[in-house]
Each structure stands twice: as structure tokens, then as C-alpha cells.
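One letter stands for each residue in the lines below.
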Amino acid sequence: MLRRLHIRDFVIVDELELHFAAGFGALTGETGAGKSILLDALGLVMGDRAESGVVRAGQSRAEMSAEFDLPVADDLTQWLDEQAIEVDDDILLLRRVVDQTGRSRAWINGVSVTLTQLREVGGWLADIHGQHAHHALLRADAQRILLDTYAGLGDQVKAVGVAWQQWQKARQACQRAEADAAGVAQERELLEWQVKELEALDFNVEAWRELEAEHARLGHATGLLEGVSAAVDALDEGEQPLVGELERLAARIAELAAIDPSLQEFQELLSSAAIQADEAVHGLRRYRDRVEADPERLADIEARIAAVTDMARKHRVSPEALADVLAERRARLDALLSEADPVALQEKAEAAQRAYATLATALSAARAPVAKALSEQVTAAMQTLAMTGGQFEIALQPTPEGSAHGNEAVEFQVAANPSQPVRPLAKVASGGELSRIGLAIQVITSRAAAVPTLIFDEVDVGIGGRVAEIVGRMLRELGVQRQVMCVTHLPQVAAQANWQWSIAKTQRDGETVSTVAVLDDAARIDEIARMLGGVNITDTTRQHATEILGLTSAA
């Protein structure tokens, strides 16, 4: 459950430190006092998107943190281990900071996390039902998602969606092959010619580089031979060979070094130069003997180079990329050959359809009993919410070819009176009826959820009187199983709470700020009286408030 919420510089909240209790708690106060602001702050801590407007005027950033008991959930424990987030004393501390630009940072138990990670862990900790949540029930997709979520069918729905996409892709391949058979044949013919031509070229990048080097040598063979021969003559075969001269100089300096040892260093340098010059002579002779002008080989190489460069120019790539071009053409040709086989394409499409049908049928079988049970529970709840004789039904209407969501469309249907047939919720429910039905659905589905904290933000809009008292009792009963909080303007609902806070706006140093007061029994009487009687609280309204709270305590 939620233990603590700390808020600083958020909208009209300067700083609040709130400690929460178990059971059913009511948050009350005048409109605009900041009741929903507290829930907005909690939503941000749990991963909602942030905007720059949440930072209190004149401040650089807003900070929020929430402390939760660690729920007993193996998948959450595994998730925390995977994220390397340590847990001490079974406490999870979520923290969020939002700056003036709307950018934010988040932490879980001191470990920096992404917004996605924060939202993931928040899903295990609390569920916030917004004040307009019942309006979402008018949308077909929201109805389907609610049923599948309640039934725990998320993995099956995802698998059906993937199978549907694969089936549609296979169908489209068949259709393309039929519609563009001539174009495919023409492209295939061109690719076959290109692949044959490239394969005949037998191009290899490494061999190409060696060929370029050999071409450079043969193209300059005469100049190379002349230059190397001149170097050999100068070093060893001329009238005054340098190698012999270096050796004589080294010997002469050696004689002088016997007189002056300081010349020893230079004698060693000359000896080394003579040795290296001699090694160069031997190497150059070997090179001279190996290199020879070969016009025929040069012509063959130039012909090969011309063939490769022509092919590269034809495909508008560098010669080194020809191997990649061949691989690309082969891959495309293989794809066309498979796509051009109508029998293979049809078999693939039929296999994909069978795979989809198997998964979709299993999903339908899993939906049906849950839809029936939820329909009965909501119908039973309607009888207590001033809709006696009303009926709620979740219709699973088959679709001819199915969809990415299965073989049926999910539609919420309702009959407000016993004499009426069920019709789509979006067409027949009035505002008040929609509020009551929506609240019943939220409470019932929340009972089955594993989330330990449930928060309802003015979900009781559009009801009042005896129905409001019943709604309050529903929330109080739900609070026996888990922590429940409700922002409400209805005294009948607030009176059913185990604990109550009053949120108000006050002026402080010229600024409007939101404050929270924990109400004792006497303060609760005054607050309930205010909710009953408005501005002027009389002894009669206080007496009425006392009676409502007395009924609560006696219940």
C-alpha cells in the first residue's frame, strides 16, 4: 500500500508530507482546492507524462516522491532483480523531478530509471481511476481492453495480433503476385541476366587489389629496371662503387680511432652504413632479376581491369562493391522466385491463416466465460444503484474474417429498465446511468486486480442521495481488501470512509497554496456539514452530518 507522499513546488502545493492509512480514505474540499492535484502528483511519480506547467510559479523544479510497501508479487521481484534495484525493509521509494522545460528524471530506491521503467513498476503498486474514466467505456477499443485486462489475456491478445499480421502479409504477397505477374516476370528475367553476368565476371576484392598492384609494376617495368640498375651500378658495379668506398672509409677511421677513441662512434656508423648498403645491393639485384617487361601479361591485366570497371560503371558502384551487388541481386532473385510461385504463396497464406485461427479460437474461448461472469456481476451491482431491473451484457459479436484483436468485437450493452432490450452502452445510457455503470465496472474489476492501492478521482459524478451512500459502502467494502482512496464531493460517500482529509486553498505570503488537514471525528462532522449545507453551516446540517457519520459507525 501507499505509505507516504512528499510533494514540493507542484502547481499550487509548496510542500506537503502526507502519510496514508489502510482502508477507505476520502479526500474532500472545495472545487479547485487541489484534491486532484495530489493525485496528479502521484500519477507523475508512477510514470505519467510531465509538462512544464506542473512546476509552481517562481520555482525551478517540482519534486515528488512516494513510498510503497513492496507487494507480494514474484514477477515484480524478478523485474527488480533484472533492473539491479535493491529493496530494503520491503519498501519501494519512487522519486520524480520535473524542471521548468518539462524534462524530468526518475529514481526507484535511489537507482536512476527511465520513464518506461517507472511506469512499469507503478503498474504493480497503484491504479488511478480518473474522473472521466466512465466516458472511455463508450469506445469500442476501451471496452475490449477492459475485458481482456480483467481476464488477464494480455499475452494471448498479443499473440493473436502477431499471427494476424503474419497472415495479412502472406495474403498481400499472394495478391501482389497475381496483380503484377508480368512485371514480376520482367524483373526476374533482368535479375537472372545480371546475376549470370556478375557470376561470369568472377570478381574477388582481394584478387582485384593484387591485380592493381601488378598492373602498376608492369606499367612502369622499364623505368623500374633502369632506376634499380643505376642504383646497383652506383653502389657496387660502377667505377667508384659506394659500398667499397664506405668500407675503406670505415677501415681508415678505425685506424684513427686507435689513436683517438672518440672516433670509435663514427667508425661504427660507417661500418653499419657499409653493411646496409651491401644488403641493399643484394636486394636490388634480386629485384632486377625478377622484374621484366611483359607486354602480353600487361595487356591481359588491362583487359581484366577494363571488364571490371565497365561492370562497376554499369551498376553505378565502385569495383570493390561488385561482390555486394551480386549478393543483393541473388537475394532479390530468390525472393522473386518464391513470390512468383503461386502454389507456395497460397500454402504459406493458408498456414498463416490456420495459425491465426487456432490462437483466435483459444482467445474467444477464454473471453466468453469472463464476459458472462462480468456481465452478471455488473447487472447485480446495477440493482443496488437505483437501476432495478436493469441489465448489463458484454456481447462478443463475431467478425467475418477476424481482426488483429480476435474473432469477435467486444461491445458493452445495457438495458436501464426491465422492459427494454439491451442496446449498445454508447447509445442508450444517460450521463447518470453511465456514471453508475462505469463505477460498478471499475469497482468490480478492481476487486479482481492484484494492485494493492486503488484511487478514484471523482468517479461518483452524476449520482447522489441513496445511490451515493451505496457507492460509499461499495468503496468501504473494497477497502477491507486493499487500500482505497476517493476524491469526492458527495457527503454520503465521504461519510463511509475509514479516514478523511480536507484539502483547502489558503493565502501565504501573497501566494495561493494548497493545504491538507487530517480530520478527527469533530472535524469530520464540520466537513460533512459543509458538504451538505454549503456556505452557511447550521446546527441542522451539523446534526445531519452527525447522523450520517453515526450510521457509518453503526454499520
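Residues numbered from 1 in each chain as written. Predicted model: local features only at pLDDT ≥ 70, side-chain atom pairs only at ≥ 80, totals over all residues. Heavy atoms only, no water.

**Student:** Could you clarify how one ought to interpret the environment of Leu-118 in this entry?
**Tutor:** With respect to the helices, strands and loops of the structure, Leu-118 is situated in helix H3 (residues 115–125). Using a relative accessible area of 0% as the deciding quantity, one classes Leu-118 as buried. Through-space distance from the C-alpha of Leu-118 to that of Asp-48 is 8.9 Å; in sequence the pair is 70 residues apart. Not counting residues within four places of it along the chain, the set of residues in contact with Leu-118 comprises Leu-44, Val-45, Met-46, Gly-47, Leu-94, Arg-96, Ala-106, Trp-107, Ile-108 and Val-113. (Helix = DSSP H or I, 4+ residues; strand = E, 2+ residues; numbered from the N terminus. Buried < 20%, exposed > 50% of the residue type's maximum accessible area, 1.4 Å probe, protein only. Contact = heavy atoms within 4.5 Å.)

**Student:** Would you mind showing me how to read the pattern of salt bridges here?
**Tutor:** For side chains of opposite charge, pairing can occur when their charged atoms come near one another. Summed over all chains, the structure comprises 25 salt bridges. Ionic pairing is found between Arg-103 and Asp-99, a salt bridge with its closest N-O pair at 3.7 Å. What makes Arg-103 exposed here is its relative accessible area of 59%. A salt bridge links Glu-469 to Arg-473, with the shortest nitrogen-to-oxygen separation between them at 2.8 Å. A residue pair is termed a helical-turn pair when its members lie 3 or 4 positions apart in one helix, as Glu-469 and Arg-473 do in helix H17 (residues 465–481) at four residues. (Salt bridge = Lys/Arg side-chain N within 4 Å of Asp/Glu carboxyl O.)

**Student:** Explain the side chain of Gln-413 to me, please; I cannot follow it from the model alone.
**Tutor:** Take Gln-413: it is sitting in strand E10 (residues 406–415). Look at Gln-413 and you get buried, because its relative accessible area is 10%. A polar contact of 2.8 Å, which involves the side chain of Gln-413, links it to the side chain of Glu-411. Residues within four places of Gln-413 in sequence aside, it is in contact with Gln-391, Phe-392, Glu-393, Ala-395, Gln-397, Val-422, Arg-423, Pro-424 and Leu-425. (Polar contact = N/O pair within 3.5 Å; in protein donor to acceptor, adjacent residues only side chain to side chain.)

**Student:** I keep staring at the environment of Asp-260 and nothing clicks. Help me out?
**Tutor:** Positionally, Asp-260 belongs in the loop between helix H10 (242–259) and helix H11 (264–290). A distance of 2.7 Å separates the side chain of Asp-260 from the side chain of Ser-262, its partner in a polar contact.

**Student:** Explain a negative patch on the surface here, please?
**Tutor:** On the surface, Glu-86, Asp-88, Asp-89 and Asp-90 cluster together into a patch of negative charge. With respect to the secondary-structure elements, Asp-89 resides in the loop between helix H2 (74–82) and strand E5 (91–99). (Patch = residues over 30% accessible without salt bridge, like charges linked within 9 Å, V, L, I, M, F, W, Y side chains within 5 Å. Areas by Shrake-Rupley, 256 points an atom, 1.4 Å probe, with all protein chains shown as cover. Lys, Arg positive; Asp, Glu negative; His and termini not counted. Charge placed at Lys NZ, Arg CZ, Asp CG, Glu CD.)

**Student:** Sorry if this is basic, but what is going on with the packing of H2 against H3 here?
**Tutor:** Two quantities define a packed helix pair, namely the angle between the helix axes and the distance between the axes. Closest axis-to-axis distance for the H2/H3 pair is 10 Å, and the angle between their directions is 155°. With respect to their mutual orientation, H2 and H3 come out roughly antiparallel. Here H2 runs over H3; the crossing is left-handed. Residue-level contacts link Asp-75, Leu-76 and Trp-79 of H2 to Gln-117, Glu-120, Val-121 and Trp-124 of H3. (Axes fitted to C-alpha atoms, helices over the stretch in contact; angles between N-to-C directions. Parallel < 35°, antiparallel > 145°, perpendicular 65-115°, else oblique. Left-handed = near helix turned anticlockwise from the far one by under 90°.)

**Student:** How should the pairing of strand E14 (residues 499–508) be read in this particular structure?
**Tutor:** Two faces, one strand: in a regular strand the side chains alternate between the faces of the sheet. As paired elements, strand E3 (residues 24–28) and E14 share four bridges and run parallel to each other. Within E14, the residue paired with Thr-28 across the bridge is Ser-502. The turn joining E14 and strand E15 (residues 511–518), which pair antiparallel and follow one another in sequence, is formed by two residues; a positive phi near 55° is taken by Asp-509. (Pairing = 2+ DSSP bridges.)

**Student:** Would you take a moment to explain the sheet that holds E10 for this structure?
**Tutor:** What links the strands of a sheet is backbone hydrogen bonding, and the strands pair in either a parallel or an antiparallel sense. Read from one edge to the other, the open sheet built from three strands follows the order E9-E10-E11, with strand pairing classed as antiparallel. Pairing within the sheet leaves two strands with one partner each, and these edge strands are strand E9 (391–403) and strand E11 (423–424). For E10 and E11, the ladder comprises two bridges, and the chain directions are antiparallel. Note on E11: the bridge partner recorded for Gln-413 is Pro-424. Relative to the sheet, helix H5 (residues 140–151) contacts E9 and E10, its axis offset from that of E10 by approximately 100°. Helix H14 (residues 342–384) contacts E9 and E10 of the sheet and is inclined by roughly 165° relative to E9.

**Student:** Whenever I open this one, H5 confuses me. Can you help?
**Tutor:** Residue pairs spaced three or four apart in an α-helix point in one direction, given the helix's 3.6 residues per turn. Its 12 residues give H5 an end-to-end C-alpha distance of 17 Å, which sits within 8% of 16 Å, the value for a rise of 1.5 Å per residue. Buried within H5 we find Ala-142, Gln-143, Arg-144, Leu-147 and Asp-148. Downstream of H5 by one or two residues, Gly-152 has phi in the positive range, about 70°. (Expected span 1.5 Å × (residues − 1).)

**Student:** Would you explain helix H1 (residues 35–45) in this entry?
**Tutor:** By the criterion of burial, H1 is predominantly enclosed, with 10 of the 11 residues buried. Those residues of H1 not exposed but buried are Lys-35, Ser-36, Ile-37, Leu-38, Leu-39, Ala-41, Leu-42, Gly-43, Leu-44 and Val-45. Gly-47 sits one or two residues past H1 and shows a positive phi near 110°.

None of the figures reported here should be taken as evidence of function without further support.
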